[in-house]
Amino acid sequence: MFVNERPVSVAPGARVRDAVEQLDHDLAELVGRGAAYVTDGVGRPVDAGDPVGEGGAIFRVVVSARQGAPRLSKELLRRWPKAELHVHLDGCLRPRTMLELARVQGIRLPADTPEGLAQALSVKHAKNLEEYLTKYEITLSVMQTAAALERVAYEFVLDAAADGVRYVEVRYSPLLHRPALTLGQAIEAPLAGIKRGEAETGTKVGVIVCGIRTRSPAESLELARAAAEYRTAGVVAFDLAGAERGFPARDHAQAFAYAVQHGMACTCHAGEGDGPESIHQALHACGARRIGHGTRLGEDAALLEYVVEHRVPLEMCLTSNLHTHTVPSLAEHPFKRYLDRGAVVTLNTDGRLVDGVSLTDEYFLAHTVGGLAQEDLARVVLNACESAFLPEFEKVALVSRVQSELEAL
Ligand SMILES: [Zn+2]
């Protein structure tokens, strides 16, 4: 691999700090003391304890100009109690599970090793949101049976719990499991897997069903009707996902209205592939109570003001926004600006496999690139808990559990 443009050789399984040590012992010591930090080839900070990954990887060591407070390590952040509100089930499969499911179902995948598959599904080099979404066709190809959906949902809960997640709302579109399954079957199977995962881990999970912008409004309404039947069985909300530009949310207003009238909450992807007008529609034409991403909110000062005043939670996804080119770099991501402005910002992965991040990684990025201090990060954790689509008494219990866990740390 390369450190500061110079080639170094390390053994397989080596850590980033080993690669720096190979290049320069003094530099490695600075990293150890927190006086320097390491970034990957595109400038994202990595932890010195992270594995170096595939051969040819590029790292840069940046010596900090001033020595600030000691930084929180990824290991510590992993132990933090966390909540996640925006993550797609079909973006979170274990590569090994995908290979097993493909073998049993006789499906061809773009690679036949877990590492190769993770690489093939990585959206790191997608050109835009539309290309990013094509990776989901591959994960969905092995999720077309009830047994596969149950297993994927079960493993998702286990992985989230291992990452310190105490509450998670996971979303997917049952529409994308037809015709192999009925909408009812496509909702019941993940709910069963989730129940199994919750019982084993103690992590609580809510399900959000997604209508698809590029599908017909009639299908969205059909989905809202089907999902409302499972409102007391774990389905907490209705969302609209898919290519944003050119496919306005207001076309699906009837489905949102049905969901609201039948006791479900609504959120909506907006301000990711399109501008603030899309966020406006999500809020005012569709009754969304939270906004998925909302990255481009700041382009409309009055709308930002509204979102702050009405405490509309933003489900922000840093790494995913970089991958879809919603932001040119993490340093330019507006989440810190919105947080400082008083918006209810939450941090999320969007897709753990496709985006190649854990929730811990997102918090680590917010800490290292965004400059969020410990108390800001704790605020973000509590924002997520307070924005959960849970009955009020359960939300209060979640907030107080997480708050006391944070204090104990
Ligand atoms: Zn999303």
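## Some details on the packing of aromatic side chains
Enumeration according to the criterion identifies two aromatic pairs in this entry. Arranged with centres 6.1 Å apart and planes meeting at 45°, the rings of tyrosine 132 and tyrosine 136 form a pair that is tilted. Here tyrosine 132 and its partner tyrosine 136 are both found in helix α6 (residues 129-141), four residues apart, which amounts to about one turn of the helix. Taken as a pair, tyrosine 132 and tyrosine 136 share a single burial class, namely buried. On the basis of an interplanar angle of 90° and a centroid distance of 5.2 Å, the ring pair of phenylalanine 238 and phenylalanine 256 is categorised as edge-to-face. You can see phenylalanine 238 sitting in strand β9 (residues 235-241) and its partner phenylalanine 256 sitting in helix α10 (residues 253-261), a full 18 residues away along the chain. We note that phenylalanine 238, like phenylalanine 256, is buried. The ring of tyrosine 154 has arginine 196 lying over it, and the distance from NZ or CZ to the ring centre is 3.7 Å. For arginine 290, the ring lying beneath its charged end belongs to phenylalanine 389, and the centroid distance is 3.7 Å.

## Notes on the pairing of strand β8 (residues 204-212)
Here β8 lies mainly inside the structure; eight of its nine residues are buried. Handedness of the crossover joining strand β7 (residues 165-172) and β8 through helix α8 (residues 183-201): right-handed. As paired elements, β8 and β9 share six bridges and run parallel to each other. Along β9, the bridge assignment pairs cysteine 210 with aspartate 239. In this region the chain leaves β8, passes through helix α9 (residues 217-228) and returns to the parallel neighbour β9; the handedness of that crossover is right-handed.

## Section: the coordination of the zinc ion
Around the zinc ion, the donor atoms from the protein are His86 (NE2), His88 (NE2), His269 (NE2) and Asp350 (OD), and they sit 2.1 to 2.4 Å away. One can describe the donor arrangement at the zinc ion as irregular, given that its four donor atoms subtend angles of 83 to 173° at the metal. On the primary sequence, the residues serving as donors to the zinc ion are separated as H-x1-H-x180-H-x80-D. Across the pair, exposure class does not vary: histidine 86 and histidine 88 are buried alike.

## What about the sheet that holds strand β4 (residues 45-46)?
Here we have five strands laid out as an open sheet, ordered β2-β1-β5-β3-β4, and mixed in their pairing. In the strand order of this sheet, the two ends are held by β2 (6-7) and β4, each with one partner. Pairing analysis gives two bridges linking strand β1 (residues 2-3) to β2, with the strands arranged antiparallel. Paired with phenylalanine 2 across the strands is proline 7, a residue of β2.

## A look at the domain arrangement of the protein chain
Parsing the protein chain into structural domains produces domain 1 (2-71) and domain 2 (75-404). For the pair domain 1 and domain 2, the two sides together bury roughly 710 Å², of which 59% comes from carbon and sulfur. A per-residue breakdown of the area domain 1 buries against domain 2 is headed by Arg44, Pro45 and Arg71, which together make up 73% of the total. The interface formed by domain 1 and domain 2 includes zero salt bridges. Where domain 1 meets domain 2, there are zero residue pairs in polar contact (both at pLDDT 80 or more). Here the residues of the side of domain 1 that touches domain 2 are counted per class, giving two nonpolar, no polar and four charged.

## Considering the sheet that holds β9
Reading across from one edge, β6-β7-β8-β9-β10-β11-β12-β13 is the order of the eight strands in this open sheet, with parallel pairing throughout. Because the sheet does not close on itself, it has two edges, and the strands there are β6 (82-88) and β13 (345-347). Between one strand axis and the next, the sheet turns by 25° as a mean value, whatever way the strands run. Where α9 meets the sheet, its contacts fall on β8 and β9, and the angle it forms with β8 comes to roughly 155°.

## What about helix α1 (residues 16-23)?
Among the residues of α1, those classed as buried are Val16, Ala19, Val20 and Leu23. Along the axis of α1, the buried residues cluster in a sector spanning 95°; they form a single face. The elements touched by buried residues of α1 are β1, β2, α2 (25-33), β3 (36-40), β4 and β5 (58-63).

The rules behind these values
- Residues numbered from 1 in each chain as written.
- Predicted model: local features only at pLDDT ≥ 70, side-chain atom pairs only at ≥ 80, totals over all residues.
- Heavy atoms only, no water.
- Phe/Tyr/Trp six-rings, centres within 6.5 Å; stacked < 30°, edge-to-face > 60°.
- Helix = DSSP H or I, 4+ residues; strand = E, 2+ residues; numbered from the N terminus.
- Buried < 20%, exposed > 50% of the residue type's maximum accessible area, 1.4 Å probe, protein only.
- Lys NZ or Arg CZ within 6 Å of the ring centre and 35° of its normal.
- Right-handed = clockwise from strand over helix to strand, strands pointing away.
- Pairing = 2+ DSSP bridges.
- Donors = N, O, S within 2.8 Å, 3.2 Å for Na, K, Ca; no water.
- Tetrahedral: all angles 85-135°; square planar, octahedral: opposite > 155°, others 65-115°.
- Domains from an automatic or database assignment.
- Buried area = accessible area lost by both parts, 1.4 Å probe.
- Salt bridge = Lys/Arg side-chain N within 4 Å of Asp/Glu carboxyl O.
- Polar contact = N/O pair within 3.5 Å; in protein donor to acceptor, adjacent residues only side chain to side chain.
- Nonpolar A, V, L, I, M, F, W, Y, C, P; charged D, E, K, R; others polar.
- Axes fitted to C-alpha atoms, helices over the stretch in contact; angles between N-to-C directions.
- Contact = heavy atoms within 4.5 Å.
- Arc of directions from axis to C-beta.

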